[in-house]
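The lines below spell out each chain.
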Amino acid sequence: MPKLIICFFLFCSIIPGKAEDGYRLWLRYDLIEDGARLQEYRARISSMLIVDENATMDVIKKELEHGLTGLLGQEIRNGTLADDHLLLVGTYGPNTILSERLTPNETQDLGSEGFTILSKVIDGKNITIITGLHDAGVLYGVFHFLRLLQTHQSIENLNIKIAPKIQVRILNHWDNLDRTVERGYAGFSIWNWHQLPEYIDPRYIDYARANASIGINGTVLTNVNANALILRPDYLRKVKALADVFRPFGIKVYLTARFSAPIELGGLETADPLDETVQQWWNEKIEEIYEQIPDFGGFVVKANSEGQPGPQNYNRSHADGANMLATALGPHGGIVMWRAFVYSNEEPEDRHKQANNEFIPLDGEFKSNVLIQVKNGAIDFQPREPFHPLFGALEKTPVMMEFQITQEYLGQGTHLAYLGSLWKEVLESDTYMQGKGSTVAKVIDGSLTDQYVTAMAGVANIGSDRNWTSHPFGQANWYAFGRLAWDHELSADWIADEWIRMTFGNDGDLLDKIKEMMSQSHEAVVNYMTPLGLHHIMGAGHHYGPGPWVDKMSRADWTSTYYHRADSLGIGFDRTQTGSDAISQYQRPVAKIFESREKCPEKYLLWFHHVGWKEKLASGKILWDELCLHYQEGVDQVQGFLDTWMTLRDQVDEERFDHVQSLLRIQLKEAKWWRDACISYFQQFSKLPIPDSVPVSEHDLEYYRNKKYPYAPGIRPRW
Ligand code: GCW
């Protein structure tokens, strides 16, 4: 690179207040600000050698060139094995240049996607080795190495060996073929179906880079509310084009399978999974897919849920349906992720209980390449839910996690809510499936049961917005999902720390302040939306804003009154034996805690109990007062985030500073809206005075009830 350009580069990256549109995500690679570190890195790496040649290695080379040039502010020349301070990169298969430089111990247990990064002195020369058994491992190692630099870690004496804890780490896009995104708040779908396969939007490549950098190795391109059209030959060619782009990044594509596709596309009269012609249709369709995409990952299926067709239309079970697809996919190495998010219109049973009722009788009946994909909680991605009882119930069936990265119920595209904390809370919950210590994380990573495959899915928050996720802090949730899917033992705080350093910089004060905001943000949302275990009290349909009054919908379990059950005596859903008895679906030691009014953690109190307005809580205050105070605390917390953010004006570039500032103002306004609407509504039942420290609502209840948002984003399409 000519000197002039390098100077320009250096100059740009140190101008305070430089405009940043967020497109670069956490892969910004600006010049290292810390002089001592910069010296160390420059001294350590003066040339690089990539020993293999293939498409993934091309990706690696580009990323290293781009990353190191930016971070170190100098070009890294292509090296030879004779160089001192060489960065040596490649796979270590038998008789390779790398295997000669490694001891067996150094590569033990790396598995197919793990990597090792080692500082070595060989023949008097200092080298840094990044290696793995396969290309993908090397790619992950390279991103890890770049992250060390981005976060200012020392790269002297490296001796790192890391392998992922979960095999399939996958995004679920709820993207429709018309480019709308169900529950998407960041613009339209990034898949330009109309112009594929010819036009490859460069965004696809940056999407793949970002995912590979956090270990995501799969993507489901289409909405679980599925459209059979995606399986038509012309659409499959478009899917193939994306698969070809993603392959070098270690990312496989998956699709959603509409259960009735044999009828809609194939012209058959039935989609009965036990009908031979139906099995044959799927066999052939899947053959056709693999001819084009030899590493196709498989299907996600939403069946017999919220109007989607499924095996029960033919009086067959979920196992019959899943196994039919698994039979066709199995010979090609594909998997079926069959969703447990099923609840029936006709069923008067508490929705909380329905998934367990459906799936427990089928435990052991699924083929080995089927996973049951379970949402983190039993209702629906609420701001807080206790873990889904199914995680502690299926012993013979692989169970995988479905988290929601898009913030359908947590402020959508405008609220700062760091979900790392929410997900950790779930992963660390103890199911007691095989006694104490049977955490949800251990259930899904296969350490408790012998599973053919393990997986974690996240419903993506990515869209066509220039900064990908609408809220700049939405990027942190994409990042955190990938990092946790790779290693669920990382703490939410650690992940936030990495993300902030890479996204905003390594300054200590900035880091502490943003980390503090992020670590409180989930609790803040819970406080101003659904404190003390309240749930599902948002606006109908679009789920935007408060709607505790929603009482008439096509089904009772879509209303708010079904869930909060406020009356003159108290509030909350009794799920003990005197109520729906959903608690009995948890293993006994868990159930004993939840069912006890005294032992039940207050954060789940109204989830499991109907509590009197004047009953005393742990603080000594009555429930009504606590409820009001939690709403107020949420508002205060958001005010605190805004105050903190305002002190960072000189430390964050203008564009992102202003953007976040505006969004925090929206969040504050909406936190007050939630507080005022909910307190006014519930006061009709409690008939108690609002504590003095909570301001009087600006408007009366009618005002809030009458607010209408027909064009709120992300609404479910009606086919
Ligand atoms: O949370 C509900 C959403 C629906 C979604 C459904 C599901 C894709 O409101 O939009 O549909 O869950 O997870 O299937």
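It should be noted that the structure appears before, not after, this text.
Quick summary incoming for the structure in this document. Because the structure is predicted, anything quoted here is derived from the model rather than measured.

### Details of the overall build of the protein
Item 1. Tallying secondary structure elements over the protein gives 22 helices and 16 strands in all.
Item 2. Its C-alpha atoms give the protein a radius of gyration of 26 Å, within 12% of the compact-globule value 27 Å for 719 residues.
Item 3. Taking the principal axes of its C-alpha atoms as reference, the protein extends roughly 80 × 65 × 50 Å.
Item 4. Within the protein, buried positions represent 62% of all 719 residues.

### Regarding the nonpolar core
Item 1. Residues Phe246, Trp282, Phe299, Trp338, Trp478, Trp645 and Phe682 are the most contacted members of the largest nonpolar core, which totals 227 residues.
Item 2. Counting residues per element, this core draws most heavily on helix H21 (residues 654-686), which supplies 12 residues.
Item 3. Sequence-distant contacts of Phe299, defined by excluding residues within four places in its chain, comprise Leu231, Leu255, Thr256, Ala257, Trp282, Ile286, Ile289, Leu325, Leu329, Ile335, Val336 and Met337.
Item 4. Ranked by size, the runner-up nonpolar core spans 10 residues in total, among them Tyr92, Leu102, Ile127 and Ile129.

### With respect to the site of the ligand
Item 1. Surveying the vicinity of the ligand reveals 16 residues, the closest of which are Glu182, Lys302, Lys375, Asp380 and Glu408.
Item 2. Between the ligand and Arg183 there is a distance of 2.9 Å, counted from an oxygen atom to a side-chain nitrogen or oxygen.
Item 3. Within the contact set of the ligand, an oxygen atom lies 2.6 Å away from a side-chain nitrogen or oxygen of Lys302.
Item 4. If the ligand stood free it would expose 340 Å²; the protein chains cover 98% of that surface.

### Description of the sheet that holds strand S11 (residues 335-339)
By definition, the strands of a sheet pair up through backbone hydrogen bonds, in either a parallel or an antiparallel sense.
Item 1. Pairing within the closed barrel is parallel, and its 8 strands lie in the order S7-S8-S9-S10-S11-S12-S13-S14. Pairwise comparison of adjacent strand axes, ignoring direction, gives a mean angle of 25° for this sheet.
Item 2. As judged from the 4 bridges shared by strand S13 (residues 399-404) and strand S14 (residues 455-459), these two strands associate in the parallel manner. Bridge assignment links Glu402 to a residue of S14, and that residue is Ala457.

### Re the sheet that holds strand S5 (residues 125-132)
Item 1. Sheet architecture is open: 6 strands sit in the order S2-S1-S3-S5-S4-S6, paired in mixed fashion. Each edge of the sheet is formed by a strand with only one pairing partner; in this case those strands are strand S2 (77-78) and strand S6 (159-162).
Item 2. Judged from the 6 bridges that link them, strand S3 (residues 86-91) and S5 form a sheet pairing that is parallel. Looking across to S5, one finds that Leu86 is bridged to Ile127.
Item 3. With respect to the sheet, helix H3 (residues 55-72) is in contact with strand S1 (47-50), S2 and S3, its orientation differing from that of S1 by roughly 170°.

### Regarding the packing of helix H6 (residues 202-213) against helix H7 (residues 233-246)
Item 1. One can describe the packing of H6 onto H7 by two numbers: an axis separation of 9 Å at closest approach and a directional angle of 50°. In this view, H6 runs oblique relative to H7, as classed from their interaxial angle. For the element pair H6 and H7, the recorded crossing hand is right-handed. In this structure, H6 contributes Tyr204, Ile205, Tyr207 and Ala208 to the contact, and H7 contributes Leu242, Val245 and Phe246.
Item 2. Looking at the contact of H6 with H7 residue by residue, the class counts come to 7 nonpolar, no polar and no charged.

### Describing the packing of aromatic side chains
Item 1. Per the stated rule, a full pass over the model turns up 42 aromatic pairs.
Item 2. When the ring of Phe504 is compared with that of Trp645, the centres are 5.9 Å apart and the planes differ by 70°; the resulting orientation is edge-to-face. Here Trp645 lies in helix H20 (residues 623-646) and Phe504 lies in the loop between helix H15 (492-503) and helix H16 (508-529), a separation of 141 residues in the sequence.
Item 3. Taken together, the ring pairs connect Tyr23, Trp26, Trp191, Tyr204, Tyr207, Phe246, Trp468, Trp478 and Tyr479 into an aromatic cluster.
Item 4. Lying across the ring of Tyr343, Arg351 places its NZ or CZ 3.9 Å from the centre.
Item 5. Above the plane of the ring of Phe573 lies Arg565, whose end atom (NZ or CZ) is 3.8 Å from the centre.

What counts and what doesn't
- Numbering of residues starts from 1 in every chain and runs along the sequence as written.
- In keeping with the model being predicted, local features are shown solely for residues with a pLDDT of at least 70 and side-chain atom pairs are shown and tallied solely at 80 or more, while totals for entire chains, interfaces and linings include all residues.
- Only hydrogens and water are removed before side-chain values are computed, so all heavy atoms of the structure are retained for them.
- Only DSSP runs of H or I reaching four residues or more are called helices, and only runs of E reaching two or more are called strands; each is numbered from the N terminus.
- C-alpha atoms define the radius of gyration in this analysis, and the globule rule sets the expected value at 2.2 Å times the number of residues to the power 0.38.
- For each residue, the accessible area found with a 1.4 Å probe, counting protein chains only, is set against the maximum for its type, and the residue is called buried under 20%, exposed over 50%, and partly exposed in between.
- The nonpolar core is taken to be a set of buried Ala, Val, Leu, Ile, Met, Phe, Trp, Tyr and Cys residues, with the residues joined through side-chain atoms within 4.5 Å.
- Contacts were defined at the residue level, with two residues in contact if any of their heavy atoms lie within 4.5 Å.
- One heavy atom suffices: a residue is near a molecule or strand as soon as one of its heavy atoms comes within 4 Å of it.
- For this analysis, a polar contact is any N or O atom pair within 3.5 Å, provided that within protein one partner can donate a hydrogen and the other can accept it, and provided that sequence-adjacent residues contribute only side-chain to side-chain pairs.
- Methods summary: accessible areas were calculated by the Shrake-Rupley approach with a probe of 1.4 Å, and residue burial reflects only the protein chains presented.
- In this analysis, strands are considered paired if DSSP registers two or more bridges between them.
- Here, axes are lines fitted to C-alpha atoms. For helices the fit covers the stretch in contact, and angles between N-to-C directions go from 0 to 180 degrees.
- Note on terminology: angles under 35 degrees are roughly parallel, angles over 145 are roughly antiparallel, angles of 65 to 115 are roughly perpendicular, and the others are oblique.
- Handedness of a crossing is defined here by the sense of rotation of the near helix relative to the far one, left-handed for an anticlockwise turn of less than a right angle and right-handed for a clockwise turn.
- Under the grouping applied here, Gly and all other residues not named as nonpolar or charged are polar, the nonpolar ones being Ala, Val, Leu, Ile, Met, Phe, Trp, Tyr, Cys and Pro and the charged ones Asp, Glu, Lys and Arg.
- The rule is short: rings of Phe, Tyr and Trp, with Trp giving its six-membered ring, pair when the centres are within 6.5 Å, and they are stacked under 30 degrees, edge-to-face over 60, tilted in between.
- Only when the NZ atom of a Lys or the CZ atom of an Arg is both within 6 Å of the ring centre and within 35 degrees of the ring normal do we say a charge sits over the ring.

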